[in-house]
Every structure is written in structure tokens, then in C-alpha cells.
Amino acid sequence: MTSAPATLPPDTATGRRQRGTAARVRRPGRPPRPGRLRRGALPYLLLLPALLLELLIHLVPMAMGILMSFRELTQFFIRDWSNAPWTGFDNYALAVDVNRPVGEALLGSFLTTCLFTLLSVGLCWLLGTAAAVFMQETFRGRGVLRALFLVPYALPVYAAVITWAFMFQRDNGLVNHVLHDQLGLGGAEHTFWLLGDNSFWALLTVSVWKGWPFAFLIVMAALQNIPKDLYEAAALDGAGIWQQIRRITLPSVGAVNQVLILVLFLWTFNDFNTPFVLFGKSAPEAADLISIHIYQSSFVTWNFGTGSAMSVLLLLFLLVVTAGYLLLTTRGRRDADAH
């Protein structure tokens, strides 16, 4: 004996809901359409080439470098570096031991790099900010001057540094010609700019010339978001140009400056192209930045184990400094917002 099918209510709101529920119960579940799956996976497929390139170009060499730092990898094991003797942390101990020549040289290079980075970042930020504030005023030829300011940043690094290397030559360089022959500064004897203590100032000049347009570009873009009404109101209240810069301009671009200084610090501290093109494989002691020092320790003396340990120490230092800087700036910004 079969039971009669249940009758549904008439075409009311309750009846329609019940009929829809019954239809969903009776209808078997359908799998999602293949096209919908392909659309959902498309963003990940587009990101896949970039992730693979990042893995091959950065992560794999980084892992290999860390592994090399624990081995006594010299020129005798270049063909099969996996058979190099395992030394543990001996390469790190050698690099940080300031009582031995390797550690003492690394410490001197580290201090030179710190001083160089401090001066370069400070001058780049100062020149870039001053130029950006100056360019806020409307005058004839402002667009041309902006384009000229960005030329050092737009030029290829190698072409720009090679040009400076020719300009710093002792006998035929433009710098000595202008300073000694035209202006009569420093006597008749030409100066060695790429040797001795002067090499530090030559390297600093090239670094600042090459880096300040980036600071100018970033600060100039940040200044576009400051309403001009603030400056007009401050001028009506009797505030001078320096008070306006101190009370309006610098606080308004504070968040941008925090990121800008961090980026300039990382670029300058890691800069390898500028000293390598300017001085070659062996930089003078006064301009021995840590990047070129690690290169000499690895590819000139063929001690890749010690050079890899130095690279890992440099990476750890930059990570600690970056994390500390971000922590301090974030906390300072939160305190400022709270007050």
C-alpha cells in the first residue's frame, strides 16, 4: 500500500518557499562548472611564472649561499662544491674575530660602509627634499628643470659611473681640469681622486649624484597631496617659509620619508655596482664598502665559504636593522595618532 504524495500549499509566499525547498531536496547536487574552476585558478596561474622566477633567481641562490657558508669551499672544490669539507660555524667565527686579519678587515669595511651610508642617505634626502620644496613654486621653465633633475636617476648605472670615472682621472679628468687649471684650487699638482683617502669622497659624490633624484621624485609626489590652503592660512598668520616647512611640509610627508629613508639605506648599504665600476675589483681601503669586500673575499681570494658567511651576516644585519626601524617608526606613528 503506497502513501499518497504530500500536497503543497497554494501559490502563497509560504507555498512557494516550501516548493523551492522540496525541489532542492529532490534535485541531486550538481558539480561546479569547469569554466568556473578555470576562472578561479586564473589569478594563481598568472602569478606562477613570477613565483618560479623568484624561486630560481633569489631563493635558490640564497639557500645555496647559506649552505656554502658552512663548508670550506675554496678553489680546490669549485668543480664539485658539495664535496667540500663541512666546517660548521668556523667561517662565521673567522669573519667576526676582529683579532685576526679577516675579521679586522671586515670590521673596517663595515664601519666604512656605515659612514658612507649615513652621509649618502642624509645628503640624498636633504637635496631631494630641498629641490622638491623649491619645485612647488610655479615659475617659467619648471617642467624643464624637473626633467633635468631626473636625468641622473634615468641614466643607466654603468654609463653614469663610467663617465664619472673618466671625470675623476688625474691627468685628463674634468674635475681636476676645473679645480686646478680653471679655478686654481689645490695648487698646480693634480689630485688622485680614485686613490687614497680621496676615493671615499669620490665614491660619495657619485652615490649622492645618482641617488638624490629618487628622493626628489618621491618627496615631490608626496607634496602634491598637501592642500595649498594650509600654506595660505599659515602665511596669513605670519608664518615664514621655514616655519611652514617645519610645521606643515615635514609633518605631512613624514610617513613617506620613513619609507624613503629605509629604501635609500638598503640600496646604499648593498650598493655594489658603483664601487665596482668606479674602482674595479680592488677598491682602495678608504672606499672599501662591504659589498665589494665580500666580492673580493669570494671571487678574488677564491674563498667562497668565508665570503658566503660574510654575505649571511650582512643579510642578518640588514634584516635586524629593517625590523627595528619599522618597529620604531610604527610605534612612533601610533603614539602620534593617539595624541
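Before going into details, it helps to say that this report is about the structure given with it. Predicted, not measured: the structure shown is a model, and the values here were computed from it.

1. Digging into the overall build of the protein chain
And step 1. Along its length, the protein chain carries 15 helices and zero strands.
And step 2. For the protein chain, the residues scored as buried account for 33% of the 339 residues in total.
And step 3. As presented, the protein chain carries roughly 21900 Å² of accessible surface, and 66% of it is formed by carbon and sulfur atoms.

2. A short note on the pattern of salt bridges
And step 1. Counted under the stated rule, the structure contains two salt bridges.
And step 2. In this structure, aspartate 171 engages arginine 170 in a salt bridge whose closest nitrogen and oxygen atoms are separated by 3.0 Å.
And step 3. On the accessibility criterion, arginine 170 (23% relative accessible area) is partly exposed.
And step 4. Across the pair glutamate 189 and arginine 170 runs a salt bridge whose closest N-O atoms are separated by 2.3 Å. Residue glutamate 189 is located in the loop between helix H8 (174-182) and helix H9 (198-223), and its partner arginine 170 is located in the loop between helix H7 (157-167) and H8; the two are separated by 19 residues in the primary sequence.
And step 5. The structure contains a network of salt bridges with shared partners spanning Arg170, Asp171 and Glu189.

3. Brief notes about helix H11 (residues 241-252)
And step 1. Between the first and last C-alpha of H11 there are 15 Å, a value that for twelve residues agrees with the 16 Å anticipated at 1.5 Å per step.
And step 2. Along H11, the positions that sit buried rather than exposed are Gln244, Ile245, Ile248 and Thr249. On an axial view of H11, the arc spanned by its buried residues comes to 125°, and they lie on one face. For H11, the exposed residues lying more than 90 degrees away from the buried face are Trp242, Arg246, Arg247 and Pro251.

4. Some thoughts on the nonpolar core
And step 1. The biggest cluster of nonpolar side chains holds 42 residues, and the ones touching the most others in it are Phe168, Leu203, Phe216, Leu264 and Leu278.
And step 2. Those elements that place two or more of their residues in this core are helix H4 (101-134), H7, H9, helix H12 (254-269), helix H13 (273-279) and helix H14 (290-300).
And step 3. Considering every element that reaches this core, the biggest residue donor is H9, with 14 residues.
And step 4. Discounting residues that sit within four places of it in the chain, phenylalanine 216 has contacts with Gly128, Ala131, Ala132, Met135, Arg146, Phe149 and Leu150.
And step 5. With nine residues, the next largest nonpolar core counts Leu106, Phe269, Ile290 and Leu314 among its residues.

Definitions and limits used
- Residues numbered from 1 in each chain as written.
- Predicted model: local features only at pLDDT ≥ 70, side-chain atom pairs only at ≥ 80, totals over all residues.
- Heavy atoms only, no water.
- Helix = DSSP H or I, 4+ residues; strand = E, 2+ residues; numbered from the N terminus.
- Buried < 20%, exposed > 50% of the residue type's maximum accessible area, 1.4 Å probe, protein only.
- Areas by Shrake-Rupley, 256 points an atom, 1.4 Å probe, with all protein chains shown as cover.
- Salt bridge = Lys/Arg side-chain N within 4 Å of Asp/Glu carboxyl O.
- Expected span 1.5 Å × (residues − 1).
- Arc of directions from axis to C-beta.
- Core = buried A, V, L, I, M, F, W, Y, C linked by side-chain atoms within 4.5 Å.
- Contact = heavy atoms within 4.5 Å.

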